[in-house]
Structure formats: C-alpha cells, structure tokens
Amino acid sequence: MIAVLKQGTDEKQMENLIAWFKGQGLDVHVSKGEFNTILGLIGDTAKIDIDLLQGLDMIESVKRITEPYKNANRKFHPDDTVVEITPDIKIGGGHFQFIAGPCSVESREQVLSIAEEVKKAGASILRGGAFKPRTSPYDFQGLKGDGIKLLEEAKKVTGMPIITEIMNANHLPMFENVDIIQVGARNMQNFELLKELGKTDKPILLKRGLAATIKELLMSAEYIMAGGNQQIILCERGIRTYETATRNTLDLSAVPVLHELTHLPVVVDPSHALGIARMVKPMAMAAAAAGADGLMIEVHNDPQHALCDGAQSLTPAQFADLAKRTREILAVVNG
Ligand code: PEP
Ligand code: MN
C-alpha cells in the first residue's frame, strides 16, 4: 500500500503516522520527493482501513498495491482450485459440471422426476431450493427441512450429489447430507453466515450479490476462506443494471475477470440472470465459451405451474438440448 502525504505535512505528524503503521506490524519505506513524501507500507495491509487513512488531514491519496483478498487471490495460489464434490465429480481446473433442477423443491414426485430427467440429460449435480429467499413474505417460502429430506431421497435414488441454499447458520445441522451449500445472491454479504460456513468442511457455492462488484464477491469468498474452508465455487447469476428487458444483466465478463483474479472455480447461472426460459440456452452456451467451470440451470417438469421462477425454468427436454449444445461448445473451446 502506498500513502502520499500532503505538501507541508510536518515532520512530527509524519513520525506519529509512521509509528502507528509500525504498531500495526508494518514496515514503512519513506521516500521524500521535491514536493510530496510517499510512505510505502510493507507487510499485511489487509487490516488497514483505507477510508480511515484517506480521511486524515495529512493524506493526499492512498493506493493498494495488493488486493485485500489473500486466500482467494491467484497471485498467492497460481494453480486452479479443483473443488471435489465426490471422487468422480469435480469443478474447476478443466472439470465442467451441469447443476440442474427446480428452483424449489415442491413435492416428492416433482423432485424425483426432474432428478431422473436431468441426470439422463447429463447433469451431474441436482439443485433444488428448500429455504427460498422470496421478495414477498406471502410467496411460497419452500418446504424447508422436508425439502432437504426430499433432495436426500432423490440423491439416494439417482446417486446425484445435491446442492441447496442456506439462509440461516442455525439451520446447518439440516445440511449434514447436502453436498454443496449454496449462499444466495441476497446473502452474499451476510458476514455472520459466511463466517459460520468458513468453519464447515462442505463445498460452498457463493452467488454474486444483486449489486455486488467482483471485488466484493471475492471479499465474501475471503470471509469463508479466512475461517479455514477453501472449497468455494463462485457463481455469476446476473447483476442489477438499468436494463429491464431481462430479469438481471448477465455479466459474462466476470468469468475471465474472476479467472484472472482468483484460482476459485466460476459457475454461471443464466436462469436467474435472464429470467426468460427461451434465452437461457444461448447464454449458457456463451458462458461455456467464456470459460465457465459449470452451469446452474433451473429445470421444471411443469414450468407453467411452478411455485417459483416458472418463467425461467426449462423443461427437461429443453435442458437436454441445452446440455448437448453446450457440450459442443466445450468441445470447440477445449479442442
Ligand atoms: C436460487 O438459486 O434459487 C436463487 C434464489 O438464486 P439467487 O440467489 O441467485 O437469486
Ligand atoms: Mn430460482
């Protein structure tokens, strides 16, 4: 980190500031120019509050040289992280997976039939919401613990690992047999939840918040990783922009940007990004072309009557087509 002092800062003030930095465990390299003095801070500056520094009278500007996310940073971990869901199912570092299933688990018949269908079409991980973060408290809130039990049953029948969203750390005991815990967009900055997930040994799929920057997504991953859990899968699911033609705007540039900044795998969810079923396939193919490590796709056996997100849900046949076309893209990209 570099701090440029204002012209005319007196020696005593500067000495006090340097002493404070040293008290924070940093080495300080002082470089005196004709007009300004520059302090080079060497060491772990992650804990330094850049806004606080910026607010000091004697400071002209402050710039971070190293990003404050150490665990997630590719600079310190150049090799891709491969998240192992099962010995045969891995995400990242060249391993691509289709995660598919309904927005929410609605009934045994629904989840079992969708699970069988998406598996046939090439999905390797079954998704389904049991705790649903709905905008309206009057909308279907999910089957909660019973929904997780139904997912477990589908896992037993199909052999597919399961992913479902957590909204409250107190619910963690219910997630014992869940293979990947999803943190939804609305909880990306629920720091207490992230800290608790950092203490678990489960793979976590962390969705980008509705209005979160890429750096904020990485800082949220850092919260989990700082607690000891390194098995994070990032998920771009569309962000809120001024555009109203689609539910959100799929920021596909996040895929190559994230691959450059972090070693963590990146999955794309075009269902929540587009919000319109017929537009999911082209963006799924585009995500694969952009280098995504997997796709999360909402599939429903009867989208018109889905209790949640029917408009963006594909039928199993549409999903099968999406998976086939995406594999063709992957063959070209990896060929
Ligand atoms: C979901 O995957 O069902 C979901 C609620 O997604 P998001 O958090 O991206 O809105
Ligand atoms: Mn949904």
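Check the entry above for the structure.
Conventions and cut-offs
Residues numbered from 1 in each chain as written. Chains lettered and ligands numbered in written order. Predicted model: local features only at pLDDT ≥ 70, side-chain atom pairs only at ≥ 80, totals over all residues. Heavy atoms only, no water. Near = heavy atom within 4 Å. Polar contact = N/O pair within 3.5 Å; in protein donor to acceptor, adjacent residues only side chain to side chain. Areas by Shrake-Rupley, 256 points an atom, 1.4 Å probe, with all protein chains shown as cover. 1 Å grid on protein atoms, 1.4 Å probe; cavity = no way out; pocket = protein on both sides within 12 Å on 5 of 7 lines; lining within 4 Å. Sits in = over half its atoms within 2 Å of the grid points. Nonpolar A, V, L, I, M, F, W, Y, C, P; charged D, E, K, R; others polar. Phe/Tyr/Trp six-rings, centres within 6.5 Å; stacked < 30°, edge-to-face > 60°. Helix = DSSP H or I, 4+ residues; strand = E, 2+ residues; numbered from the N terminus. Points joined across faces, edges and corners; volume = space filled by probe spheres on them. Patch = residues over 30% accessible without salt bridge, like charges linked within 9 Å, V, L, I, M, F, W, Y side chains within 5 Å. Salt bridge = Lys/Arg side-chain N within 4 Å of Asp/Glu carboxyl O. Buried < 20%, exposed > 50% of the residue type's maximum accessible area, 1.4 Å probe, protein only. Donors = N, O, S within 2.8 Å, 3.2 Å for Na, K, Ca; no water. Axes fitted to C-alpha atoms, helices over the stretch in contact; angles between N-to-C directions. Parallel < 35°, antiparallel > 145°, perpendicular 65-115°, else oblique. Left-handed = near helix turned anticlockwise from the far one by under 90°. Contact = heavy atoms within 4.5 Å. Pairing = 2+ DSSP bridges. Right-handed = clockwise from strand over helix to strand, strands pointing away.

Trainee: Help me understand the site of ligand 1, please; the structure alone is not making it clear to me.
Mentor: Around ligand 1 sit R127, K132, P133, E165, Q182, G184, A185, R186, K207, R237, H272 and E298, and those are all the residues in its vicinity. Within the side chain of K132, an N or O atom sits 2.9 Å from an oxygen atom of ligand 1. Starting from 300 Å² of accessible surface for ligand 1 in isolation, the protein chains cover 97%. At a threshold of 2 Å from the grid points, most atoms of ligand 1 map onto the largest pocket. For the shell around ligand 1, a count of residues per class yields two nonpolar, three polar and seven charged.

Trainee: Is there a simple way to explain the packing of aromatic side chains in this structure?
Mentor: For any pair of aromatic rings, the description consists of the separation of the ring centres together with the inter-plane angle of the planes. A full pass over the atoms with the stated rule returns five aromatic pairs. Judged by centre distance (4.4 Å) and plane angle (25°), the rings of F191 and Y223 are stacked. In this pair, F191 sits in helix α5 (residues 191–198) while Y223 sits in helix α6 (residues 214–226), placing the two residues 32 residues apart along the sequence. Here the aromatic cluster, defined as three or more aromatic residues joined through ring pairs, consists of F96, F98 and F319.

Trainee: Would you take a moment to explain the layout of surface pockets for this structure?
Mentor: Think of a ball as big as a water molecule: rolled over the atoms, this probe shows where empty space is left. Taken as a whole, the largest pocket holds about 430 Å³ of empty space. Residue lining of the largest pocket: 31 residues in total, with R186, R237, R247, H272 and D309 positioned closest to the centre. At three residues, the largest contribution of residues to the lining of the largest pocket is made by strand β9 (residues 162–166). In terms of residue class, the lining of the largest pocket is made up of eight nonpolar, eleven polar and twelve charged. When its volume is computed, the second largest pocket comes out at roughly 230 Å³. Surrounding the second largest pocket, N71, Q189, F191, E216, M219, E222, Y223 and A226 form its lining. If one sorts the elements of the lining of the second largest pocket by residue count, α6 sits on top with five residues. Counted by class, the lining of the second largest pocket contains four nonpolar, two polar and two charged residues.

Trainee: Would you explain a nonpolar patch on the surface in this entry?
Mentor: Judged by side-chain polarity, I2, I38 and I65 come together as a nonpolar surface patch covering roughly 220 Å² of accessible area. Turning to its location among the elements, I2 is positioned in strand β1 (residues 2–5). Residue class for I2 comes out partly exposed when judged on its relative accessible area of 31%.

Trainee: Mind showing me how you'd approach the coordination of the manganese ion (ligand 2) here?
Mentor: A metal bound by six donors in octahedral fashion has ideal angles of 90 or 180 degrees, whereas one bound by four tetrahedral donors has an ideal angle of 109.5 degrees. At the metal site, the manganese ion (ligand 2) is ligated by C103 (SG), H272 (NE2), E298 (OE) and D309 (OD), and these contacts range over 2.0 to 2.4 Å. Within one chain, the residues donating to the manganese ion (ligand 2) are spaced in sequence as C-x168-H-x25-E-x10-D. With C103 in the loop between β7 (97–101) and α3 (108–120) and H272 in helix α8 (residues 270–274), this pair connects stretches of sequence that are 169 residues apart. On the accessibility criterion, C103 (1% relative accessible area) is buried.

Trainee: What am I meant to see in unusual backbone geometry here?
Mentor: Both trends apply: most residues other than glycine have a negative phi, and most peptide bonds are in trans. In the Ramachandran plot, K144 falls in the positive-phi region, its phi being about 55° despite a non-glycine side chain. Inspection of the secondary structure assignment puts K144 in the loop between β8 (125–127) and α4 (145–158). For D309, which is not glycine, the phi torsion reads 60° and is therefore positive. Checked against the element boundaries, D309 lands in the loop between β14 (294–298) and α10 (316–334).

Trainee: How do you make sense of the packing of α3 against α4 when you look at a structure like this?
Mentor: To characterise two packed helices, one gives the angle between the axes of the helices and the distance between these axes. Where α3 contacts α4, the two axes come as close as 9 Å, and the packing angle between them is 40°. As the angle between them shows, α3 and α4 are arranged oblique. Like other packed secondary-structure pairs, α3 and α4 cross with a definite hand, here right-handed. For the pair α3 and α4, the contacting residues are R108, V111, L112, A115, E116 and K119 in the first and L150, L151, E153, A154, V157 and T158 in the second. Grouping the constituent residues of the contact of α3 with α4 by class yields seven nonpolar, one polar and four charged.

Trainee: When you look at the pattern of salt bridges in this model, what are you seeing that I'm missing?
Mentor: Pairing of side chains with opposite charge becomes possible as their charged atoms draw close. The final tally for this structure, using the stated rule, is 17 salt bridges. Among the salt bridges present, the one from D309 reaches R247, with a minimum N-O distance of 3.2 Å. Separated by 62 residues along the polypeptide, D309 in the loop between β14 and α10 and R247 in the loop between β12 (232–236) and α7 (254–261) bring together distant segments of the chain. Take R247: its relative accessible area is 39%, and that puts it in the partly exposed class. Its salt-bridge partner being E328, residue R325 comes within 2.6 Å of it at the nearest N-O pair. With R325 and E328 both in helix α10 and three residues apart, the pair spans about one turn of that helix. The exposure class assigned to R325 is partly exposed, which follows from its relative accessible area of 32%. For E328, a relative accessible area of 35% corresponds to the partly exposed category.

Trainee: I'm lost on the pairing of β7 in this one. Help?
Mentor: Two faces belong to every sheet, and in a regular strand the side chains alternate between them. β7 sits mainly inside the fold: five of its five residues count as buried. Of the two faces of β7, the one carrying Q97, I99 and G101 and the one carrying F98 and A100 are both buried. In terms of strand pairing, β7 meets β14 through five bridges, oriented parallel. When the bridges of β14 are listed, F98 appears paired with L295. In this sheet, β8 lies alongside β7 in parallel orientation, the contact comprising two bridges. Counted as the bridge partner of A100 is L126 from β8. At this point the chain moves from β7, through α3, to the parallel β8, and the crossover so formed is right-handed.

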